[in-house]
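So the chains spell out like this:
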Amino acid sequence: MGVSGKKILIAVSGGIAAYKIHFLIRGFVKKGAEVQVIMTPDAEHFVTKLSLSTLSKKPVYTDFYSDNGTWNSHVEMALWADVMIVAPCTANTLAKMVHGMCDNLVIATYMSAKCPVFIAPAMDLDMYQHPSTKQNLKLAEDYGHFIIPAESGELASGLIGQGRMAEPETIAKAVEDFFNSGHTNKSLEGKTVLITAGPTYEAIDPVRFIGNHSSGKMGFSLAEEASGRGAKVILISGPSSQVINDKNVELHRVTSAKEMLAKVFEFYENADIAIASAAVADYAPKEVAKEKIKKNDDSLTIELIKNPDILKTMGEKKSHQFLVGFALETQNEEENAKGKLEKKNLDMIVLNSLRDEGAGFKNDTNKIKIFTRTEKKEFALKSKDDVAKDILNFVENQLLK
Ligand code: PMT
């Protein structure tokens, strides 16, 4: 499976991140994909047709007509592609795409495409945060496109923040996952699975927050696995650079615990299975400063107040749902996990301990123990994808009882 034999259309727009596209093309070609590259006129300031065509082994087009008088059919290229990737996608190209401003070959091809479209935005941090960009990304998502969010780091402007195009490996993985998502075991067909993932960020002032190290990997693996088994998945994630490219997964991104709570209860009533893998901040600043707090004094006191316990509220309002919680512990692990199972009225709890190497936050692996009121099962260290399989196998067995 993967991208072997697939026809991939890459549209490059004019941002400095265009230099990374060479790695993406090379990776796809190495894996046996056919790659056609098109560019906006501005992209030519950043990368050359020659380097891109050498790697893709096909001519690269920027105009509707080539110098020799031939027509570069945007319709033909659009219909040829199994998938179209716009990367880097500048604020300008994004805006033109979502509003149908068809003034170059890239937009004409995009508007003729019937295949899935992946968008990897890249721009400076303020542009990325601008309401118009947010709105345009939302529109693109509403059109059914897959957004591969920009990453945080140093930007070409020298500023630091979110706006860097996702790394070529991340883009490649998103596309490969898409092609790989043809699962056969449809054991959760007809079920709705609600999953929370990632951290929550609790604002201190406009630039700072209280957060934690959750990457969202565990929750996204669960979502992929549940979808693969035929479920309709509602994935509610705190800030995370994880992406998911699966038509059966409805992804809702939130920031704070309060937002997560509100989003969860939009969907909880209709869920058959709910799994809370998010690392929700237990406390949030009582007041959020309107302006950036200045470092005038040697110490700073921030008063924190308790956040809502989302899972506990789900337990209180449980009617028909099979409710699964997680426990992330550092000591008295089993006792604490079993306590949470009771206190939050759960059907099952998944314990991971930060004392186990390779378990918990950020890692691609996890090591878990599962508890119900009557059972306990311990698992070896595995990839989070395999841990997701173990968890859902366990859930399905419980549902059969
Ligand atoms: O995202 P990764 O980097 O892949 O890491 C995965 C993980 C370590 C975050 C995940 O495996 C995990 O353990 N998630 C739960 C982390 C956590 O907050 O555990 P807790 O023991 O503090 O909370 C118990 C349960 O209550 C959790 O299901 C949590 O989602 C929920 N909770 C907690 C506090 C709160 N205010 N609301 C909640 O819903």
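Every value quoted in this text rests on a predicted model; they were computed, and no experiment measured them.

## Here we look at the UniProt feature "domain: Flavoprotein" (unreviewed entry) in the protein
- If you check UniProt for "domain: Flavoprotein" (unreviewed entry), the listed places come out as residues 6–178 in our numbering.
- Secondary structure content for residues 6–178 is 40% helix and 20% strand, and the end C-alpha separation is 12 Å.

## Digging into the UniProt feature "domain: DNA/pantothenate metabolism flavoprotein C-terminal" (unreviewed entry) in the protein
- The sites that UniProt annotates as "domain: DNA/pantothenate metabolism flavoprotein C-terminal" (unreviewed entry) are residues 188–396.
- The span residues 188–396 is 26% helix and 27% strand, and its two end C-alpha atoms sit 8 Å from each other.

## With respect to unusual backbone geometry
- Cis geometry is adopted by the peptide bond preceding Pro88, which originates at Ala87 and carries an omega value of -10°.
- Structurally, Pro88 is set in strand E3 (residues 83–89).
- In this structure, Asn332 is a non-glycine residue whose phi angle is positive, near 40°.
- Relative to the helices and strands, Asn332 resides in the loop between strand E16 (322–329) and helix H12 (333–343).
- In the Ramachandran plot, Lys362 falls in the positive-phi region, its phi being about 70° despite a non-glycine side chain.
- The residue Lys362 is located in the loop between strand E17 (348–353) and strand E18 (365–366) in this model.

## Observations concerning the domain arrangement of the protein
- Partitioning the protein into domains gives domain 1 (7–180) and domain 2 (192–286 + 300–400).
- Using only C-alpha atoms to locate each centre, domain 1 and domain 2 end up separated by 33 Å.
- Each partner contributes to the interface: domain 1 provides nine residues, whereas domain 2 provides seven residues.
- Contact between domain 1 and domain 2 buries roughly 740 Å² in total, counting both sides, with carbon and sulfur atoms accounting for 57%.
- Broken down residue by residue, the surface that domain 1 buries against domain 2 is led by Phe146, Pro149 and Asp177, which jointly contribute 47%.
- The tally of links between domain 1 and domain 2 comes to zero salt bridges.

## Remarks on the side chain of Asp124
- For Asp124, the location among the structural elements is in the loop between strand E4 (117–121) and helix H6 (125–129).
- It is Arg164 that comes nearest to the buried, bridge-free Asp124 among opposite-charge side chains, at 11 Å.
- Within the structure, the side chain of Asp124 is placed 2.6 Å from the side chain of Ser157, a separation counted as a polar contact.
- Leaving out residues up to four positions away in the same chain, Asp124 has contacts with Leu155, Ser157, Leu159 and Gln162.

## Quick word on the sheet that holds E17
- Ordered by their spatial adjacency, eight strands build an open sheet running E12-E11-E8-E13-E16-E17-E19-E20, and the pairing between neighbours is mixed. Sheet topology places strand E12 (249–253) and strand E20 (376–378) at the edges, where each strand pairs with a single neighbour. Taken pair by pair, the neighbouring strands of this sheet meet at an average axis angle of 15°, ignoring direction.
- Relative to the sheet, H12 contacts E16, E17, strand E19 (368–371) and E20, its axis offset from that of E17 by approximately 150°.

## What about the site of the ligand?
- Not every one of the 28 residues close to the ligand is listed here, only the nearest: Ser214, Ala278, Lys340, Asn352 and Lys362.
- One of the backbone N or O atoms of Lys217 is found 3.3 Å from an oxygen atom in the ligand.
- Separating a nitrogen atom of the ligand from a side-chain N or O atom of Asp309 is a distance of 3.5 Å.
- Summarising the interface, the protein chains cover 95% of the accessible area of the ligand, which totals 770 Å² for the free molecule.
- Of all the cavities here, the one that holds the ligand is the second largest pocket.
- Among the elements of the structure, helix H9 (217–228), helix H11 (310–316) and E16 are those that each provide at least two residues to the shell around the ligand.
- Among the elements that line the shell around the ligand, the one with the most residues is E16, at five residues.

## Structural notes on the packing of aromatic side chains
- The tally for this structure, following the rule as stated, stands at six aromatic pairs.
- A network of ring pairs unites the aromatic residues Phe118, Phe146, Phe178 and Phe179 as a single cluster.
- A cation over a ring is seen here: Lys317 above Phe265, with NZ or CZ 5.4 Å from the ring centre.

Criteria and cut-off values
Each chain has its residues counted from 1, following the order in which its sequence is written. Predicted model: local features are reported for residues with pLDDT of at least 70 only, side-chain atom pairs are reported and counted for 80 or more only, and whole-chain, interface and lining totals are derived from all residues. Heavy atoms throughout the structure, all of them, feed into the side-chain values; hydrogens and water do not. UniProt positions are given in the numbering used here, feature names are shortened, and annotations may be inferred rather than shown by experiment. Segments assigned H or I by DSSP are reported as helices when at least four residues long, segments assigned E as strands when at least two residues long, and all are numbered from the N terminus. These domain limits were set by an automatic method or by a database of domain assignments. We call two residues in contact when some of their heavy atoms are within 4.5 Å. The buried area of a pairing is the accessible area, by a 1.4 Å probe, that goes missing from both parts when the two are put together, added over both. Note on definitions: salt bridges are taken to be side-chain nitrogens of Lys or Arg within 4 Å of carboxyl oxygens of Asp or Glu. Accessibility here uses a 1.4 Å probe with only protein chains present; expressed as a share of the type maximum, an area under 20% marks a residue as buried, one over 50% as exposed, and anything in between as partly exposed. When charges are counted, Lys and Arg contribute as positive and Asp and Glu as negative, whereas His and the chain ends are disregarded. Whenever a nitrogen or oxygen atom comes within 3.5 Å of another N or O atom, the pair is scored as a polar contact, on the condition that within protein one atom can donate a hydrogen and the other can accept it, and that pairs from neighbouring residues in sequence are kept only if both atoms are in side chains. What makes two strands pair is DSSP finding at least two bridges between them. For helices, the fitted axis covers only the stretch in contact; all axes are lines through C-alpha atoms, and the angles between them, taken along N-to-C directions, range from 0 to 180 degrees. By convention in these notes, a residue is near a molecule or strand provided one of its non-hydrogen atoms lies within 4 Å of it. Here the accessible surface of atoms and residues is derived via Shrake-Rupley with a 1.4 Å probe, and residues count as covered only by protein chains that are part of the display. Only protein atoms enter the 1 Å grid used here, on which a cavity is any set of points holding a 1.4 Å probe that cannot leave and a pocket is any open set flanked by protein within 12 Å on both sides along at least five of seven lines; residues with an atom within 4 Å of a point are listed as lining. The way we define it, a molecule is inside a pocket or cavity when more than half of its atoms are within 2 Å of that pocket's grid points. Two rings from Phe, Tyr or Trp (for Trp, the six-membered ring) form a pair when their centres sit within 6.5 Å of each other. Planes less than 30 degrees apart are called stacked, planes more than 60 degrees apart edge-to-face, and all others tilted. Charges are assigned to positions over rings by a cutoff of 6 Å between ring centre and Lys NZ or Arg CZ, combined with an angular limit of 35 degrees from the ring normal.

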